[in-house]
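A closer look at the structure
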Amino acid sequence: MRWASAPSPRHQLVLFPTSLDESIPANHPLRQLDVLLDSIDWTSWENNYSNEHCGQPAIHPKFMSGCILYGLLKGIRSSRKLEDACCNRIDFMWFVENRKIDHATFAKFRQQHGDAIKDLFRQVNQAALKLRQSGFIELATDGTKIRANASRQKIYTEEFFSSRLDELDRKFSEAMKELEETDVIENPELATKEEIYRKLNSINREKQLCQNALKKAEELSQKRKRKAGAFAKPGKTSLTDSDSQLMPNKEGGFAPNYTPAVTVDKESGLILYADIVEGHAEADCVVPAMKEITANYCKKPVNVSMDSHVASGENLLQLEKDGINTFTKLRNQTSEIAKRPDLSEPVKKEDWDKLPKAGGKRPQLHRSAFIYDEKNDCYWCPAGKQLKPEKKNAKAWMGSNKSKSIALYICKSCSECEFKDTCMPRKKTKRGRTITRDEYENCREKVLQRMDTQEGKEIYKRRMHIVETIFGYLKGVLGIRQFLYRGMEKVKNEWSWMCLAYNVRKIIYSGQPV
Ligand code: SF4
């Protein structure tokens with residue numbers, strides 16, 4: 001058997017390139033990153049540094065940011081691994097010009113510049129948009145779940161946190177007594193003062209965690225009580241990271257998670273907005289995203305597609321007011337069977353079984369079987385009877401101190417109707433079948449009309465591809481399945497770095513000169 005010989009045996013003299021620059025090929029993407037970061041205005045970052053000349057001179061944010069972004073693209077996330085790469089990897093050494101950067105400096109840098117990173121995000125996107133002209137014709141927005149840096153075993157109810165706090169108080173008093181005793185008599189069998197101080201510090205740290213988690217668990221329980229009443233289950237929170245929430249995992253089971261959300265431009269493929277929302281509240285970031293995008297890039301989005309659970313009435317109304325076309329799948333679509341040329345004519349008897357129904361054991365006709373007549377401001381039921389508005393501008397509470405204005409449309413002909421048992425089998429009151437119409441229904445109908453067109457269907461179909469590709473790349477290729485930091489603010493910063501790295505990749509691997 002013949003084996004390949006080593007090109008350079010260990011004792012043989014070899015000639016390495018005489019400068020770092022010679023080691024990096026002219027078309028290396030890192031050179032593109034260097035040019036891109038040179039074009040950034042770093043004033044907002046530089047203002048965060050103190051001008052006092054004490055200690056070691058600071059390392060410029062260009063090198064720190066570049067290392068973090070390039071590291072993310074190469075699957076290097078931890079600060080210690082970045083420190084190691086800056087000492088041993090020729091590409092990192094070239095980029096930082098052989099500076100030695102400590103892991104603590106990387107860790108601090110990532111957490112400290114929350115506002116400045118938004119500015120960098122905007123500037124990088126503006127540079128990318130110069131390369132790829134985009135009119136923001138089609139945006140897509142969505143969220144995903146990424147695990148928090150917290151154990152799924154350390155999730156407790158408020159009852160646990162209260163009893164743990166009592167126990168910690170007791171332990172604290174005992175440690176204080178011990179400290180007093182060591183002050184009076186010197187006994188080698190007792191713990192030393194340093195040991196007791198360490199114990200007190202650890203108790204205080206745990207107390208702080210418990211207090212934060214207790215507050216969150218109480219808030220969660222109250223929310224659940226408002227929704228489900230007295231039988232609601234108590235809220236559970238993670239002791240390690242109380243800002244995360246117990247949610248179903250993409251891989252199965254439950255764990256503390258965060259919900260990152262993004263808004264992406266279809267034409268350029270860039271992430272234009274990135275944020276972390278609390279729990280499942282992805283709907284809360286749709287309108288702020290559109291406002292931020294319009295302000296940052298001086299262009300108003302034309303079309304935006306989103307998941308149905310994000311398309312709340314408030315979002316649809318606001319986007320309609322802002323002149324942005326929404327594309328989403330709404331549940332309350334009008335039944336095709338209920339549609340007929342003359343609404344005062346009843347639906348054919350043989351078609352009644354095909355009308356949509358909703359409810360448990362005794363389902364009643366779904367509201368999509370009732371057709372709204374805008375001209376006469378009434379609903380037409382499948383029996384060809386009118387439901388006229390009885391109460392207008394009534395208030396309905398939606399939870400979280402929010403309310404919406406509703407109108408009740410009531411049918412007066414139900415008592416003589418032969419389909420009464422199919423239409424409302426559960427109804428025991430004398431009032432006829434009632435349909436509630438809220439203030440957002442007009443917007444929903446506009447969206448439904450838009451979704452009825454071929455263009456609407458295609459735009460909505462593309463949504464999944466636009467956004468899910470990004471989540472797939474971040475999770476599958478860059479290996480981002482869990483956050484490294486704990487706490488909402490730090491996790492938001494970490495997510496911004498990840499999304500920025502994705503955008504940077506789009507530029508430096510595009511092959512176009514920056
Ligand atoms: S019960 Fe009333 S609302 Fe229902 S189909 Fe009959 S008339 Fe119409």
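An unreviewed UniProt entry annotates the chain as Transposase DDE domain protein of candidate division TA06 bacterium ADurb.Bin417.

Core analysis: the biggest nonpolar cluster contains 94 residues, and Val262, Trp495, Trp497, Leu500 and Val504 have the highest contact counts within it. Ranked by residues supplied to this core, first place goes to helix 16 (residues 488-508) with twelve residues. If you count residues domain by domain, this core takes at least three from each of domain 1 (20-47 + 56-133) and domain 2 (139-147 + 250-330 + 449-496). Excluding its chain neighbours within four sequence positions, the residues that come into contact with valine 504 are Leu33, Leu36, Leu69, Leu73 and Val124.

Contact pair helix 8 (residues 114-131) / helix 16: the axes reach a minimum separation of 10 Å and the direction vectors enclose 20°. Viewed along their axes, helix 8 and helix 16 adopt a mutual orientation that is roughly parallel. Handedness of the crossing formed by helix 8 with helix 16: left-handed. Taking contact as the criterion, the partners of Gly114, Ile117, Leu120, Phe121, Val124, Asn125, Ala128 and Leu131 in helix 8 are, on helix 16, Asn493, Ser496, Trp497, Cys499, Leu500, Asn503, Val504 and Ile507. In terms of residue class, the contact of helix 8 with helix 16 is built from eleven nonpolar, five polar and no charged.

Attention now goes to the pairing of strand 1 (residues 138-143). The buried count for strand 1 comes to six of six residues, which makes it a mostly enclosed element. With burial as the criterion, each face of strand 1 is covered, one bearing Glu138, Ala140 and Asp142 and the other bearing Leu139, Thr141 and Gly143. In this sheet, strand 8 (residues 303-306) lies alongside strand 1 in parallel orientation, the contact comprising four bridges. The residue bridging threonine 141 from the neighbouring strand is methionine 306, located in strand 8. Where strand 1 lies against strand 6 (residues 254-265), five bridges are found, and the strand directions are antiparallel. By the bridge assignment for strand 6, aspartate 142 is matched with valine 262.

With that settled, the discussion passes to the site of the ligand. Surrounding the ligand, one finds Trp352, Phe370, Cys381, Ala383, Lys385, Cys411, Cys414, Cys417, Lys420, Cys423 and Arg433. For the shell around the ligand, the class distribution of residues is eight nonpolar, no polar and three charged.

So, about the environment of aspartate 275. In this fold, aspartate 275 is placed in strand 7 (residues 271-277). When the C-alpha atoms of aspartate 275 and histidine 103 are compared, they prove to be 26 Å apart, with 172 residues separating the residues in sequence. Look past the residues within four positions of aspartate 275 in its chain and what remains in contact with it is Thr259, Pro260, Ala261, Lys492 and Trp495. At 3.2 Å, the side chain of aspartate 275 forms a polar contact with the side chain of tyrosine 273.

Looking now at the packing of helix 7 (residues 103-112) against helix 16. Contact geometry for helix 7 and helix 16: axes closest at 8 Å, N-to-C directions at 100°. What the angle tells us is that helix 7 and helix 16 run roughly perpendicular. In this structure, helix 7 contributes Phe109, Arg110 and Gln111 to the contact, and helix 16 contributes Lys490, Asn493 and Trp497. Of the residues belonging to the contact of helix 7 with helix 16, the class tally is two nonpolar, two polar and two charged.

One pass over the full model with this rule turns up 30 salt bridges. Between glutamate 206 and arginine 164 there is a salt bridge whose closest N-O contact spans 2.8 Å. Here glutamate 206 is found in helix 10 (residues 193-228), whereas its partner arginine 164 is found in helix 9 (residues 158-184), with 42 residues between them in sequence. Look at glutamate 206 and you get partly exposed, because its relative accessible area is 23%. For aspartate 377, the salt bridge identified is with lysine 392, shortest N-O distance 2.7 Å. Taken together, the positions of aspartate 377 in the loop between strand 12 (371-373) and strand 13 (378-380) and lysine 392 in strand 14 (residues 386-399) put the pair 15 residues apart, joining distant regions of the chain. Judged by its relative accessible area of 19%, aspartate 377 is buried.

Procedures and definitions
Residues numbered from 1 in each chain as written. Predicted model: local features only at pLDDT ≥ 70, side-chain atom pairs only at ≥ 80, totals over all residues. Heavy atoms only, no water. Core = buried A, V, L, I, M, F, W, Y, C linked by side-chain atoms within 4.5 Å. Buried < 20%, exposed > 50% of the residue type's maximum accessible area, 1.4 Å probe, protein only. Helix = DSSP H or I, 4+ residues; strand = E, 2+ residues; numbered from the N terminus. Domains from an automatic or database assignment. Contact = heavy atoms within 4.5 Å. Axes fitted to C-alpha atoms, helices over the stretch in contact; angles between N-to-C directions. Parallel < 35°, antiparallel > 145°, perpendicular 65-115°, else oblique. Left-handed = near helix turned anticlockwise from the far one by under 90°. Nonpolar A, V, L, I, M, F, W, Y, C, P; charged D, E, K, R; others polar. Pairing = 2+ DSSP bridges. Near = heavy atom within 4 Å. Polar contact = N/O pair within 3.5 Å; in protein donor to acceptor, adjacent residues only side chain to side chain. Salt bridge = Lys/Arg side-chain N within 4 Å of Asp/Glu carboxyl O.

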